[in-house]
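What follows is each chain in one-letter form.
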Amino acid sequence: MSQTDLKTTALQQTAFEPLLLDREKRKKEISLSENPYFYNDQGAPSYLMNVPSHAQLIEKPTIHMKARLGKQYKVRQQLGSSNSPEFGMQTQLDFEGEYFEYEAMWATADTAAAFGITLIQPGQAIRIVNESPHLAHIDYEYGKYAGYWCPYLEAGLTAGKTLFPFVSTDLEHHDFPHIFASTDQELPLVISVARYFPKDGKIYLADLWVKRGDALYIPPKPIDQLKFIDLHNNRNSALACWGGVNNQLQSHGMARKTAIETETLLQEDGYFYWYWNKKRTVHHQLLLKP
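Before going into details, it helps to say that this report is about the structure given with it. (Residues numbered from 1 in each chain as written. Predicted model: local features only at pLDDT ≥ 70, side-chain atom pairs only at ≥ 80, totals over all residues. Heavy atoms only, no water.)

Section: the overall build of the protein chain
Move 1: From N to C terminus, the protein chain includes three helices and 19 strands.
Move 2: Across the 290 residues in the protein chain, those meeting the buried criterion constitute 53%.
Move 3: Within the protein chain, contacts between residues at least 6 apart in sequence are counted, and of these 79% link residues at least 24 apart.
Move 4: Summed over all atoms, the accessible surface of the protein chain reaches about 14,600 Å², with 51% contributed by carbon and sulfur. (Helix = DSSP H or I, 4+ residues; strand = E, 2+ residues; numbered from the N terminus. Buried < 20%, exposed > 50% of the residue type's maximum accessible area, 1.4 Å probe, protein only. Contact = heavy atoms within 4.5 Å. Areas by Shrake-Rupley, 256 points an atom, 1.4 Å probe, with all protein chains shown as cover.)

Remarks on the sheet that holds strand 15 (residues 215-218)
Move 1: Ordered by their spatial adjacency, six strands build an open sheet running 1-10-17-12-15-8, and the pairing between neighbours is antiparallel. The sheet terminates laterally at strand 1 (22-31) and strand 8 (118-120), the two strands that pair on one side only. Strand after strand, the sheet turns through a mean of 20° between neighbouring axes, direction not considered. (Pairing = 2+ DSSP bridges. Axes fitted to C-alpha atoms, helices over the stretch in contact; angles between N-to-C directions.)

Quick look at the nonpolar core
A general feature of soluble globular proteins is that nonpolar side chains tend to end up buried together.
Move 1: Core analysis: the largest hydrophobic core is formed by 41 residues, its most contacted members being Ile117, Ile191, Val193, Leu208, Trp209 and Leu216.
Move 2: Going through the elements one at a time, strand 7 (99-106), strand 10 (134-143), strand 13 (189-197), strand 14 (202-210), strand 15, strand 17 (259-266) and strand 18 (272-277) are the ones with two or more residues in this core.
Move 3: Excluding its chain neighbours within four sequence positions, the residues that come into contact with Ile117 are Thr62, Ala112, Val193, Leu208, Leu216, Tyr217 and Ile218.
Move 4: Listed in part, the 15 residues of the second largest apolar core include Leu93, Leu171, Ala194 and Tyr275. (Core = buried A, V, L, I, M, F, W, Y, C linked by side-chain atoms within 4.5 Å.)

Some points on the pairing of strand 9 (residues 124-127)
Move 1: The pairing of strand 2 (residues 37-41) with strand 9 spans three bridges and is antiparallel. Considered in strand 9, the bridge of Tyr39 is made with Ala125.
Move 2: As paired strands, strand 4 (residues 56-58) and strand 9 are joined by three bridges and run parallel to one another. Bridging from a neighbouring strand, Ile58 pairs with Ile126 of strand 9.

With respect to the sheet that holds strand 9
The pairing of strands in a sheet comes from backbone hydrogen bonds and takes either a parallel or an antiparallel form.
Move 1: Strand order in this open sheet of four strands is 3-2-9-4, and the pairing throughout is mixed. Pairing within the sheet leaves two strands with one partner each, and these edge strands are strand 3 (44-48) and strand 4. Adjacent strand axes in the sheet meet at a mean angle of 25°, parallel and antiparallel pairs treated alike.

Side note on a nonpolar patch on the surface
Move 1: Side chains of Leu19, Tyr145 and Leu163 sit close together on the surface and give an oily, nonpolar patch of about 270 Å² of accessible area.
Move 2: Following the sequence through the fold, Leu163 ends up in the loop between strand 10 and strand 11 (169-174). (Patch = residues over 30% accessible without salt bridge, like charges linked within 9 Å, V, L, I, M, F, W, Y side chains within 5 Å. Salt bridge = Lys/Arg side-chain N within 4 Å of Asp/Glu carboxyl O.)

Focus: the environment of Ile218
Move 1: Take Ile218: it is sitting in strand 15.
Move 2: Through-space distance from the C-alpha of Ile218 to that of Ala112 is 9.6 Å; in sequence the pair is 106 residues apart.

Let's talk about the pattern of salt bridges
Move 1: By the definition in use, this model includes 10 salt bridges.
Move 2: The residue Lys257 makes a salt bridge to Asp184 at a minimum N-O spacing of 3.4 Å. Taken together, the positions of Lys257 in the loop between helix 3 (244-251) and strand 17 and Asp184 in the loop between strand 12 (178-181) and strand 13 put the pair 73 residues apart, joining distant regions of the chain.
Move 3: Residue Lys257 is classed as buried on the basis of its relative accessible area of 16%.
Move 4: A salt bridge links Asp230 to Arg195, with the shortest nitrogen-to-oxygen separation between them at 2.7 Å. Within this pair, whereas Asp230 is found in strand 16 (residues 229-233), its partner Arg195 is found in strand 13, the two being separated by 35 residues in sequence.
Move 5: The class for Asp230 is buried, based on a relative accessible area of 0%.
Move 6: Connected via shared salt-bridge partners are Asp184, Glu186 and Lys257.

Observations concerning the pairing of strand 16
Looking down a regular strand, the side chains alternate between one sheet face and the other.
Move 1: Among the five residues that make up strand 16, five are buried, leaving the element largely enclosed by the rest of the structure.
Move 2: Neither face of strand 16 is open: one carries Ile229, Leu231 and Asn233, the other Asp230 and His232, and all of them are buried.

As for a positive patch on the surface
Move 1: A grouping of Lys66, Arg68, Lys74, Lys202 and Lys227 is seen on the molecular surface, where their side chains present a positively charged patch.
Move 2: If you trace the backbone, Lys74 turns up in strand 5 (residues 71-84). (Lys, Arg positive; Asp, Glu negative; His and termini not counted. Charge placed at Lys NZ, Arg CZ, Asp CG, Glu CD.)

Notes on the environment of Leu205
Move 1: Mapped onto the fold, Leu205 is located in strand 14.
Move 2: Look at Leu205 and you get buried, because its relative accessible area is 0%.
Move 3: Along the primary structure Leu205 and Gly70 are separated by 135 residues, whereas in three dimensions their C-alpha atoms are 5.0 Å apart.
Move 4: If sequence neighbours within four positions are ignored, Leu205 has contacts with Gly70, Lys71, Tyr73, Phe95, Phe100, Glu101, Tyr102, Glu103, Leu171, Val193 and Ala194.

Observations concerning unusual backbone geometry
Excluding glycine, residues mostly have negative phi values, and the peptide bonds linking residues are mostly trans.
Move 1: Phi is positive for Gln42, which is not a glycine, with a value near 50°.
Move 2: Looking at the element boundaries, Gln42 is found in the loop between strand 2 and strand 3.
Move 3: The exposure class assigned to Gln42 is exposed, which follows from its relative accessible area of 61%.

Shown next, in the form of structure tokens:
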């Protein structure tokens, strides 16, 4: 074989590893008429008809109505909304500034409640409330670049995903429950959250770092909320892969990670309300232990 043929063969065999954004690994249908309780079984999500006698039942979702947690920014105006059959109602927000910081904090009962979210720790349970009894529990894998996806730029796109060169603000609420379980064996889960005051033109931004074994329960949040709208996003789930935490893993002889495992409960045919801003965001790292 000639030198030219060898070079051609080598080039033909060279390929980049595909970039993982997000991947659905397993799915299980959940019937609330049969199993209305979510139970954090020592870090393993489970759905039960009755709560175990040794479990701590959280009587109702927690919310701190007066909380103003996270980085505050002015929302100058709403730049318009569009109704997408696939993605729901999308509203673009015009923030004042060139970039926006999400304040990093560990998800505790209080920090979660500041965004209308209930922390479910190992041994705790809560009753799931929803109009439809049919939900899905899905095992996901999120790559570190999943947050770069921007579905709002995909009009007419038939394949693939459109990416920004940075992570933008992309937040949601909906009238069905959402559960995010931090189930990765090495890294914590990160959920981006916000509290938005449309009449006041203010928004508070934060990243909740969810310790391994903990879970977040978000009850249905319909559009007719009064003073504020609590929002969340899980495309930033793998923010913990971005640097500081990974460096700590490597210092303990563990492999550097580019993706994390997580489990989520949602209603697949539910309707979403999305709020987004196309400018750059900044996300900070935390130490492994709170």
